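Architecture and fold: a report
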Amino acid sequence: MDKELKKQLEITATKVRMGIIEGVYNAKCGHPGGSLSVCDTLTYLYFNRMNVDPKNPTMSDRDRLVLSKGHTAPALYSVLAHRGFFPVEDLKTLRHIDSYLQGHPVIGKVPGVDMSTGSLGQGISAACGMALSGKLDNETYKVYAILGDGEIEEGQVWEAAMFAAHYQLDNLVAVIDNNGLQIDGKISEVMSPYPIDEKFKAFGWHVIVIDGHDFDAIDKAFNEAETVANQPVAIIQKSVKGKGVSYMENQVSWHGAAPNEEQYNIAMSELQAKLDELTK
Amino acid sequence: MEKKATRESYGEALVMLAEKRPDLIVLDADLAAATKTGIYKKACPDRFFDCGIAEADMMGVAAGIATTGKLVFASSFAMFAAGRAFEIVRNSICYPHLNVKIGATHAGISVGEDGASHQCNEDITLMRVLPGMTVINPADDVEAKAAVLAMADFEGPTYMRFGRLAVPVFNDPATYKFELGNGIELRSGTDITVIATGLMVAEAVEAGKILAEQGINARVINIHTIKPIDRDIIIRAAKETGKIVTVEEHSVIGGLGSAVSEVVAETVPVPVIRIGVQDCFGHSGPAAALLKEFGLSADNIVKVVKDTLGK
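Values in this document were obtained by computation on a predicted structure and should not be read as measured data.

For the rest of this paragraph, the subject is the nonpolar core. C128 of chain A together with L27, A62 and V194 of chain B are the most contacted members of the largest nonpolar core, which totals 186 residues. Domain assignment of the residues forming this core places at least three in each of domain 1 (3-168) and domain 2 (184-306) of chain B.

Strand-to-strand pairing in sheets goes through backbone hydrogen bonds, with the strands running parallel or antiparallel. Residues and elements named next belong to chain A. Spatially, the five strands line up as an open sheet ordered β1-β2-β3-β7-β6, and their pairing is parallel. Lying at the two open borders of the sheet, with one neighbouring strand each, are β1 (64-67) and β6 (206-211). Each neighbouring strand pair of the sheet contributes to a mean axis angle of 20°, computed without reference to strand direction. Pairing geometry for β6 and strand β7 (residues 233-238), over six bridges, is parallel. The residue of β7 that forms the bridge with I210 is Q237. With respect to the sheet, helix α2 (residues 32-49) is in contact with β1, β2 (143-148), β3 (172-178) and β7, its orientation differing from that of β3 by roughly 150°.

Moving on: the confidence of the model for chain B. Per-residue pLDDT for chain B has a mean of 98; in total, 100% of the residues score no lower than 70. Taken over the whole predicted complex, pTM reads 0.97, whereas the ipTM for its chain interfaces reads 0.97.

With that settled, consider the pairing of strand β13 (residues 244-251) of chain B. Looking down a regular strand, the side chains alternate between one sheet face and the other. All names here are of chain B. For β13, a buried count of eight out of eight residues is recorded, marking the element as mostly surrounded by other parts of the structure. The pairing of strand β10 (residues 192-196) with β13 spans four bridges and is parallel. In the strand pairing of β13, T193 is matched with I244. As paired elements, β13 and strand β14 (residues 272-277) share five bridges and run parallel to each other. From the neighbouring strand, T246 faces β14, where its bridge partner is R274.

The next thing to look at is the sheet that holds strand β9 (residues 184-187) of chain B. All names here are of chain B. In spatial order, the strands read β9-β11-β10-β13-β14; together these five strands make up an open sheet with mixed pairing. If you trace the sheet from one side to the other, it starts and ends with β9 and β14, each paired once. The sheet shows a mean angle of 25° between the axes of neighbouring strands, taken without regard to direction. Note: β9 against strand β11 (residues 218-222), three bridges, orientation antiparallel. The residue of β11 that forms the bridge with I184 is N222. Lying on the sheet, helix α10 (residues 231-241) is in contact with β9, β10, β11 and β13; it crosses β11 at an angle near 175°. Against the sheet, helix α11 (residues 256-266) makes contact with β10, β13 and β14, and its axis sits at roughly 145° relative to β13, the strand it touches most.

Turning next to the interface of chain A and chain B. Size of an interface: often given as the accessible area lost when the parts come together. Counting residues at the interface gives 21 residues for chain A and 21 residues for chain B. If you list the elements that add at least two residues to the side of chain A that touches chain B, you get α4 (123-136) and α5 (155-166) of chain A. A total of eight residues in the side of chain A that touches chain B trace back to one element, the largest contributor, which is α4 of chain A. Per-class residue counts for the side of chain A that touches chain B are 10 nonpolar, nine polar and two charged.

Cut-offs and rules
Residues numbered from 1 in each chain as written. Chains lettered and ligands numbered in written order. Predicted model: local features only at pLDDT ≥ 70, side-chain atom pairs only at ≥ 80, totals over all residues. Core = buried A, V, L, I, M, F, W, Y, C linked by C-beta atoms within 7 Å. Buried ≥ 20, exposed ≤ 12 C-beta atoms within 10 Å, placed from the backbone. Domains from an automatic or database assignment. Pairing = 2+ DSSP bridges. Helix = DSSP H or I, 4+ residues; strand = E, 2+ residues; numbered from the N terminus. Axes fitted to C-alpha atoms, helices over the stretch in contact; angles between N-to-C directions. Contact = placed C-beta atoms within 7 Å. pLDDT = per-residue confidence, 0-100. Nonpolar A, V, L, I, M, F, W, Y, C, P; charged D, E, K, R; others polar.

Written as structure tokens, this is what we have:
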């Protein structure tokens, strides 16, 4: 990947992280950990990959993204806001009673959201339906489904995995955000979904394993996904829950908790320092 | 009178619909031969997709297809469409208010020999409670076909209930018109009103005839749209006849009887006696024998009406 482009994506991802913290802090609740782990890939997709138009969020030939791990809405909202779908300022209203920024993504309420999600395991099925419909119409759009590694404990994910391979949905890319943690602890201790790569391979998917915080690796993976024919693609990204905020990294307690004022200030100053370093 | 199962009508109506709607997609979960979507599959193999034995995924796939603007029907037995996939129907279809039509067959105890595991007497309750869901329960072949064709032009999630058992075709295809949300008065009367839905409508009509021979003029109403329910026809019946008996091949908890009771309790409080499955599971046996055992027959409707009137 071009160095300047990579730097720009890193800058944008840092701003997106600040939006995540801003949202969750003002909501006094929400899910920062998984939002921060998936943040780089979402930033890459919306800023460098997907054919979307913030002025026409429902255009029929757009690429679609289903945030199957819907609780990480703060990341999706922050990316969409920074991409121009709605004002960045509105992120402060996340989860408020009079806000359109619902706790989990909703079609029709939040510009740019392609599917209502929140109940785990369901988004990937909807993504399969979108991909199937696109193929029937000979559309060239791509469908991206973003799943958590804990989420794939849901049986419906594997029903959908069978469907996608059976109908050769090569316009579908699923990203599995493998940050290794779920609410009750390490995924390997709660209910191990490992080996994730072998499972998707066995279900007939083309599997790519990457570092989810390395834009070169992310770019390479999605380029490779473009070349795959007659198979859906699973990108399993190793990631760090809470990535970018020192005290949140790899801490399961930050799955679904908001920072207090002191913690908010620390998070924002760390991210601001990162931003200063990138833009100096 | 000719008899036909409404699941057959469903399969045939999908083929009729295919000519008008090239965007029609039909999904099934390995039951096409039984739900009769197999009739459509044969006619339009490129527009039919089997999801395998995976009803949860099927409902999600249907939701995804609907977001792209196509008309999609998702089919399975009522037990699995409304039961197993309930939460997906709620969160992936109803919450985003997507235009998915659920064609659920083998509803009620008339499933017969398969027994209680497959006899779904809870689906109307489960679907009726979902915000924005329309619930249709047609009574015969003519009504089932007309309902499928009409609902194809209606935007929004819809649950359509069909039966396995062949039942009398009593509506006249030349004159029948399906009007969403409008109950149909099949027999006039002022002594009492019998409100029935689905397969029980033919039994209610028969009961009306028997009662008339015994000097009791029962009004008979067919409610094919459980939600939104026809409040006016129910309120009028309560006012003009003073007593209501409801009949459904479904649990008396949460189904037609409950829906009618909700209307009259808030408007014209009159007694509502609910004939249906009385908070219990069914069991294996021939459909006709089971219907009789569970009181879902013209004879039992006559008995309940006479008891209610003290005659």
